Each structure stands twice: as C-alpha cells, then as structure tokens.
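# Chain and residue survey
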There are 2 protein chains.
Amino acid sequence: MVQRLPARPGDRLDAIETPALVLDLPAFERNLDAMATAVAASGLRLRPHAKAHKCGAIARAQIARGAVGICCQKTDEALAFVDAGIADVLVTNEVVAPAKLARLAEAARRARIGLLVDCDAGARAASAAALRVGVTLDLYVEVDVGAHRCGVAPADAGPLAACIASLPGVRFAGLHCYHGAAQHLRAPAERAMTIASATVAVRVAQTSVARVGLDADFVTGAGTGTWMLERDSGVWNELQPGSYPFMDADYARNSAGPRDIAFEQSLFVHASVMSIPVPERAVCDAGLKSFAFDSGPPLVHGRPGLAYTKASDEHGVLAVEAGARAPELGERLHLVPGHVDPTFNLYDWVVAVRDGRVEAVWPVDARGAVG
Amino acid sequence: MVQRLPARPGDRLDAIETPALVLDLPAFERNLDAMATAVAASGLRLRPHAKAHKCGAIARAQIARGAVGICCQKTDEALAFVDAGIADVLVTNEVVAPAKLARLAEAARRARIGLLVDCDAGARAASAAALRVGVTLDLYVEVDVGAHRCGVAPADAGPLAACIASLPGVRFAGLHCYHGAAQHLRAPAERAMTIASATVAVRVAQTSVARVGLDADFVTGAGTGTWMLERDSGVWNELQPGSYPFMDADYARNSAGPRDIAFEQSLFVHASVMSIPVPERAVCDAGLKSFAFDSGPPLVHGRPGLAYTKASDEHGVLAVEAGARAPELGERLHLVPGHVDPTFNLYDWVVAVRDGRVEAVWPVDARGAVG
C-alpha cells in the first residue's frame, strides 16, 4: 500500500512520474528563512504546524532554523514525528481515547509531548495515562478565542487550569489560543479585527488563570494567515504557522496586509496531459484523488490560458482559452493545490527539486495518520 | 507510512480505533447479490469499477458472484489488482506515458489488460509497449457520449478503431461509452433522457466502426446511478457500476426511478466525539483528512438531531439540535461519506463487521495508487 517512488535523486524534472507532489527547494528555503528571521527578531518561539506537511525531513529543516519543536493534530502523527527524531511535539487537539493517551504517554519517554484539554474529564484521562507510564505530559487549556470549534470560554480557563494543576502526571503548560477561522478572511482589516478580538479573549483567559493562582503567561497559537498579528499582540509567546513553507491557492486569495511577508508558492502537483479531445479542452491525470478539493480546484501555474475547471476521481479537465498555446499530449503541468494540508496527506512522497533536478525524495512520514 | 490497524478480527465495534472506515458486511453482501442477480438476469456482463474501493478482497467477492473482472483508472491500481489475483483488469482511462504503458504490458503477461484510447498517438504508444514485451493489450475506443471529458466524437470512432486494428500488439476490443455526468442527475427522468441521448451516440459510433469493416458490437460502460438504463438500452454489453456495494451521501440525494434497486448504505466512517464545548456543539475526530469533501460533508447516521456542519483538517463540528440526546465524550458516531471513491483512497484498511464484531480487516491495496 506504499506508493511507487515517483522519481530518483538526479532525475530531470520531466522524468518525475505523474501525478507527484513536488517541492521547489529554493522557494521553500526562502520561506523557511523569512519566517525564522521574522520570528527570531520578535523574540518569540516558533513551533511550526507539521500537520501541513507530515514530513520528518521538513520538520528537521524547520528545527535546524530555530523552531523549538513542532505541532501536529493526531496521536499517530505525533508518534511518526517522534520516530523521525523530533524531540518536542505538541498535539494541538483534544485526545480523550485511553488507547491514544497511552501511546502519547509512551512517546513521552522519548520526547516532550503536549496536548490540549477543554474539560476536566480530558485532563483526568491524560493524568491517568501519564501516571501509568511514569511520565509527565504538558497540558494546555484550549480557549475558544472566537472560532467556535473546541475550547473553553475564556472566563472558564482558570478552573480547568486548576484542575490540571491538581492532577499528577500532567503539568499546566499554558493556554492554547488559535483562531482558525481568521486565517482565510480575505481582507487584512478583517483579520486584524478578528485577532484583536481574540487578543481580548486571551487576556480574559489569563485573568481567569491568574485568579486561581497559576502562571498564565504562556500562550501558543496563530497560523500562516495571521501570525504577524499574534506576534505583535503582546500576549502570544509561541507561533504555530503551518502553511508558510508551501502556500496554496486558498492562501493566495488572501489580500496581503501592510506587514505581511509574501511567502512564495513552493509546492506543486506535477500532472500530465493524457487526452485532448477537442482544441478547447484537455484532460490531465490528476483529479479528486490527487488534490483535496475542500478549498476549490487547483490553479494552473505558469501556463496562461489553461484553467482547471472540473475534476473526477482521476481526471482533471482543463479549459483552453482561445489563443492560448495548444496543450500537447504528455505535456507536464504544474498545479497549485487548493489546500495544502489535506493534499500532502494524499501522497507518500514529496519530490524535492532544485535547478531542474530532483535533489531528494522525502517520505511523508505521517501520511494517513488520522488516528 | 502504513496506518496502524484500527481493529483486529473478533473485536467489538466499540474497540475499533477511530477514525476508521467500516463496512457492514450483511448490507454489503446484499448489495453485491442484488446487482449480480439483476445483471445476470439480463444476460449482460458485470465488470464492477474497483476505483471505488481499491481493495483486492472486495474485488474477489465481486468476481465470486459472477463479475467478469474489474475496472480501475490508473496503471498502479491495475498492478495492485493483478497482484491481488484479479485476472481481467480494464483501465478505463487513457494511458500515454511510456513508463506506465511498459508496466501495463508487463502486467499483461499475468492477466488480461485493457485500456482506453481516444487518439491515434495513444494507440501507437500502447502498441509499441505491447510489442516490446510480446503481449497483446485490449484497446477500447473511448467515445464522448455527452459527458465531455475524454473520448472521440461518436462519428470519429471508426477511424480510430481502424488505426488500432492496423497496429501490432493491440486488439480493438470495443467501445467504451460512459456518461459520468449522468450518474448524479437527481431526477430519474433526467437520467433517462441523458442515457437515451448517450444511446444514440453509441449507435452513431457503432455505425462509424461498422463502416471501416470492424465489429462494433461490444460496448462497455455505465455507473451506479444509471446502470439499469444502459442495461435496458439494447446497446451496452458490459456494465461498470462501482459505488453500488457501498453507496454514499451523494448517491442518496438521487431520487429513485421506477426500476432502480435501492442499494443500502454499507460503508461508514466511525468517529469519536472528543470535545463538547457547549451543549449545542460537539466536535469529532474526523475531518478533511478522513473524508473527501468534493460532494459535501458526511451525514450522521442513526443519531437524530446531530448534523456534521463544518470540517477542518482533523475536526468535524457537529450541531446538536435542541431536544436531541446530548452527545457524550468518547461517543462513537457512524458517518456516511459524501463521496465513496476518494474517501476509500484515504484509508489503508477497511474494517469488515458483522453481528457487532469485526470479522476481517482488509487492506485497501491500491490506496494512493494515482500513478
């Protein structure tokens, strides 16, 4: 069930078998450097979200540039990253299943492991699992700062922190404050207003925690769409952007704010034209099983007049504009995924390229690790 | 990169680790039997589309009930099915890359292999690959019968068939006539009108083939939404439905026609509630990486008052209607995927259950086989 290697180091780009996930290393490295530099200058901690790429080699490249560790969202992802040598992993999610908590506790023998809680029962379950193994798990209180997914109301953060502090085997590590819904608000002013509102919520949560006599200073969160706002808020200490090394079509639809860094598109799906039934329509070999479509279809990169208009399982239909260069049978297309995270999850390998050659083929270690 | 086994044979349902793809065997078998019986009664051939499930064990169950072989859509899928013991595999897609054609030709030493062409260049490439290995590949002329994806215009089928017939190493095996866009037309009358129109297109293609002196009798195609129409058309000889063993939320939105068989929903994603931030909202552990969302969100099965309203990568947000039974932390939910095919492609294993126990855990052999 492991996919064939789509290329070998040293191959030319046109030898990559399609569809394949392909990473432009120079652009990727410029993105990594830009974020590392910007966060280092602020004195904050960078903990990139590795749910975006699920790849140990990429996580190591982030840590080599100063990241303190990584985030992920599932137990099996965390285990894959610990196996890949990452020493500090935060699962930014509630984990309540005893079997999964037992695995996280086992992993805490080898690495620093954190997770989120948003109720006393979650904290007690984590404590029981940690005690059984004789380790300490870092628990963060997840606060709903406006996205209305998981998390306690800001004013309820204190009592939950107190519950954690009363339990053996777990440590109250801080507040997890992430506004996922803000990341893709298109206008910079909308994003700024939403994070300003989230900042107020964080302060309410900090007051609630201080009231139970605990240190409420540590706050972690933020994403690629808003990280500069959290950085400059005065309340966040640690930033968790995930998509910035790669970018995608959905992030490209955000209008840039005055302080935003323009990360480059570095990730593409290479596809091949396999049918040209009529001059105004071509069909490529990458469809619903080669991209996630939750954020719309992929964009055709660097090929004016071609648009990806319709997908079925293994077909991508391309409209050819009048006057555009005619596509050729077998022609390679570079497609920008609509949404990077679930697209990475479809591939076992990411082909890293530089100067027209394949430099490495990295395993997507946590591909499919939804458990 | 292979996912953990979510269960073991003999496990109770509540021991299955979530998220997991779970197949209700009695419903699945009733679906297999109903289709096998209906197609056998018509005297036509059944060649189920295995792109839906990518699973050798399921393909073998279909063949054990009389299917002549299977269809799939990619070279690597075909190889996975040949490895799984399937002796007759039709790739219902154009394959033009020489490396992929070489693999199909190699596979033709071990199994009957067919594929589609919609241009002379495709036929010549397949011929060259077959010659190199010393095998015969079955080539079908794909005809655009109205879906406007791949395929030649009906009146152009004859010249392409003649090209195939003139080439060594390949055999003109018939016409591939599939109207994908018709499958999800909601009203039975719309589906009937569309397949009536496709039937006219098939006849035009047959006339074109007859005109070049070739036998135009063999026609393969059809899907779960329209197969009874193709069956009763008088022109199709072989039917390719894929989703009927499982069904999904999108097929459930089709209104049934007078002759349609009501296939049962047999495939579910089991998920667990991991957060209940407020009484009117719960969050489960299955999101964008546990379902394909191209056909909308999953449906909650057998739990009135709960609705899956929003997904992020690893979260599914559930709205709890006023008056509904309150969800519990850790509660199992059975979710119906929006679209079965790309959802199967996210899982390494399908857990086959009967009478409240796990009977088998089957590998999804061609998971991720997009090449």
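Residues numbered from 1 in each chain as written. Chains lettered and ligands numbered in written order. Predicted model: local features only at pLDDT ≥ 70, side-chain atom pairs only at ≥ 80, totals over all residues. Heavy atoms only, no water.

### Notes on the pattern of salt bridges
Residue and element names in this part refer to chain B.
- This structure, assessed with the given rule, holds 58 salt bridges over all chains.
- One salt bridge connects Lys51 with Asp341, and the closest N-O pair in it is separated by 2.8 Å. Of the two residues, Lys51 is situated in the loop between β2 (45-46) and α2 (56-64) and Asp341 in helix α10 (residues 340-344); the sequence distance between them amounts to 290 residues. This pair shows no difference in class: Lys51 is buried, exactly as Asp341 is.
- When the shortest N-O distance is used, the salt bridge between Asp348 and Arg367 registers 2.9 Å. Taken together, the residues span a long stretch of sequence, with Asp348 in the loop between α10 and β16 (349-354) and Arg367 in the segment after β17 (357-363) at a distance of 19 residues. With respect to class, Asp348 is no different from Arg367; both count as buried. (Salt bridge = Lys/Arg side-chain N within 4 Å of Asp/Glu carboxyl O. Helix = DSSP H or I, 4+ residues; strand = E, 2+ residues; numbered from the N terminus. Buried < 20%, exposed > 50% of the residue type's maximum accessible area, 1.4 Å probe, protein only.)

### A short note on the sheet that holds strand β5 (residues 112-117) of chain B
Residue and element names in this part refer to chain B.
- With respect to topology, eight strands assemble into an open sheet ordered β2-β9-β8-β7-β6-β5-β4-β3, the strand pairing being parallel. In this open sheet, the two strands that pair with only one neighbour each are β2 and β3 (70-72).
- Pairing analysis gives two bridges linking strand β8 (residues 219-221) to strand β9 (residues 238-239), with the strands arranged parallel. Note on β9: the bridge partner recorded for Gly221 is Leu239.
- The strands touched by helix α4 (residues 98-107) within the sheet are β4 (88-94), β5 and β6 (137-142), with β5 carrying the most contacts at an inclination of about 150°.
- Helix α5 (residues 120-133) contacts β5, β6 and β7 (170-176) of the sheet and is inclined by roughly 175° relative to β6. (Pairing = 2+ DSSP bridges. Contact = heavy atoms within 4.5 Å. Axes fitted to C-alpha atoms, helices over the stretch in contact; angles between N-to-C directions.)

### A look at the interface of chain B and chain A
- Taken together, the contacts link 64 residues of chain B with 64 residues of chain A.
- The contact between chain B and chain A buries some 5,100 Å² in all, and 52% of this surface belongs to carbon and sulfur atoms.
- Summed over the three residues of chain B that lose the most area to chain A, namely Met1(B), Arg149(B) and Lys289(B), the buried surface amounts to 15% of that side.
- Taken together, the links from chain B to chain A amount to 14 salt bridges.
- Remark: the boundary between chain B and chain A carries 32 residue pairs in polar contact (both at pLDDT 80 or more).
- Where the side of chain B that touches chain A is concerned, the elements lending two or more residues are α3 (75-83), β4, α4, β10 (267-278), β11 (281-284), β13 (306-312), β14 (315-320) and α10 of chain B.
- Classifying every residue of the side of chain B that touches chain A gives 25 nonpolar, 15 polar and 24 charged. (Buried area = accessible area lost by both parts, 1.4 Å probe. Polar contact = N/O pair within 3.5 Å; in protein donor to acceptor, adjacent residues only side chain to side chain. Nonpolar A, V, L, I, M, F, W, Y, C, P; charged D, E, K, R; others polar.)

### Notes on helix α7 (residues 188-211) of chain B
Residue and element names in this part refer to chain B.
- With 24 residues, α7 extends 35 Å between its outermost C-alpha atoms, agreeing within 8% with the 34 Å of an ideal straight helix rising 1.5 Å per residue.
- Arg191, Thr194, Ile195, Ala198, Thr199, Ala201, Val202, Ala205, Gln206, Ser208 and Val209 are the residues of α7 that are buried.
- Tucked inside the fold, the buried residues of α7 contact α6 (157-165), β7, β8 and α8 (227-231).
- Following α7 by one or two positions, Gly213 has its phi on the positive side, about 85°. (Expected span 1.5 Å × (residues − 1).)

### What to know about the relation of the copies chain B and chain A
- Of the two same-sequence chains, chain B is brought onto chain A (RMSD 0.0 Å, axial shift 0.0 Å) by a rotation of 180°. Such values leave the two copies arranged in the relation of a two-fold axis.
- A symmetric contact is evident, with 100% of the interface residues of chain B recurring at the interface of chain A. (Least-squares fit on C-alpha atoms with pLDDT ≥ 70 in both.)

### Regarding the pairing of β11(B)
Residues and elements named next belong to chain B.
- Burial of the side chains of β11 extends over both faces: Arg281 and Val283 are buried on one face and Ala282 and Cys284 on the other.
- Note: β10 against β11, three bridges, orientation antiparallel. The residue bridging Val273 from the neighbouring strand is Cys284, located in β11.
- Once β10 ends, the chain turns through two residues before running back antiparallel as β11.
- Relative to β14, β11 is paired through four bridges, and the arrangement is antiparallel. Its bridge partner being in β14, Arg281 is matched across the sheet by Ala319.

### Points about the confidence of the model for chain A
- Considering every residue of chain A, the mean pLDDT works out to 97; 100% of them sit at 70 or more.
- Confidence estimates for the predicted assembly give a pTM of 0.98 and an ipTM of 0.97. (pLDDT = per-residue confidence, 0-100.)

### Overview of the packing of helix α6 (residues 157-165) of chain A against helix α7 (residues 188-211) of chain A
Residue and element names in this part refer to chain A.
- Relative orientation of the contacting elements α6 and α7 amounts to 45°, with a least axis distance of 7 Å. Classified by the angle their axes make, α6 and α7 are oblique. Note on packing geometry: the crossing formed by α6 with α7 is right-handed. Taking contact as the criterion, the partners of Ala157, Gly158, Pro159 and Ala161 in α6 are, on α7, Ala205, Ser208 and Val209.
- The class makeup of the residues in the contact of α6 with α7 is five nonpolar, two polar and no charged. (Parallel < 35°, antiparallel > 145°, perpendicular 65-115°, else oblique. Left-handed = near helix turned anticlockwise from the far one by under 90°.)

### Digging into the state of the cysteines
- In total, this model carries zero disulfides over all chains according to the counting rule given.
- The structure places no disulfide on Cys72(A), whose sulfur is separated from the nearest cysteine sulfur, that of Cys71(A), by 7.8 Å. (Disulfide = S-S within 2.5 Å.)

### With respect to the nonpolar core
- Counting 210 residues, the largest nonpolar core has Val141(A), Leu175(A), Trp362(A), Val141(B), Leu175(B) and Trp362(B) as the members making the most contacts within it.
- Contact partners of Leu175(A), with chain neighbours within four places excluded, come to Tyr140(A), Val141(A), Val143(A), Ala157(A), Val202(A), Ala205(A), Gln206(A), Val209(A), Ala216(A), Phe218(A), Val219(A) and Thr220(A). (Core = buried A, V, L, I, M, F, W, Y, C linked by side-chain atoms within 4.5 Å.)

### What to know about the pairing of strand β4 (residues 88-94) of chain A
Residue and element names in this part refer to chain A.
- Most of β4 sits inside the fold, with seven of its seven residues counted as buried.
- Here three bridges tie strand β3 (residues 70-72) to β4, and the two strands are oriented parallel to one another. Counterpart to Cys72 in the pairing with β4 is Val91.
- This β-α-β element, β3 to helix α3 (residues 75-83) to β4, shows right-handed connectivity.
- In the sheet, β4 pairs with strand β5 (residues 112-117) via five bridges, with the strands oriented parallel. (Right-handed = clockwise from strand over helix to strand, strands pointing away.)

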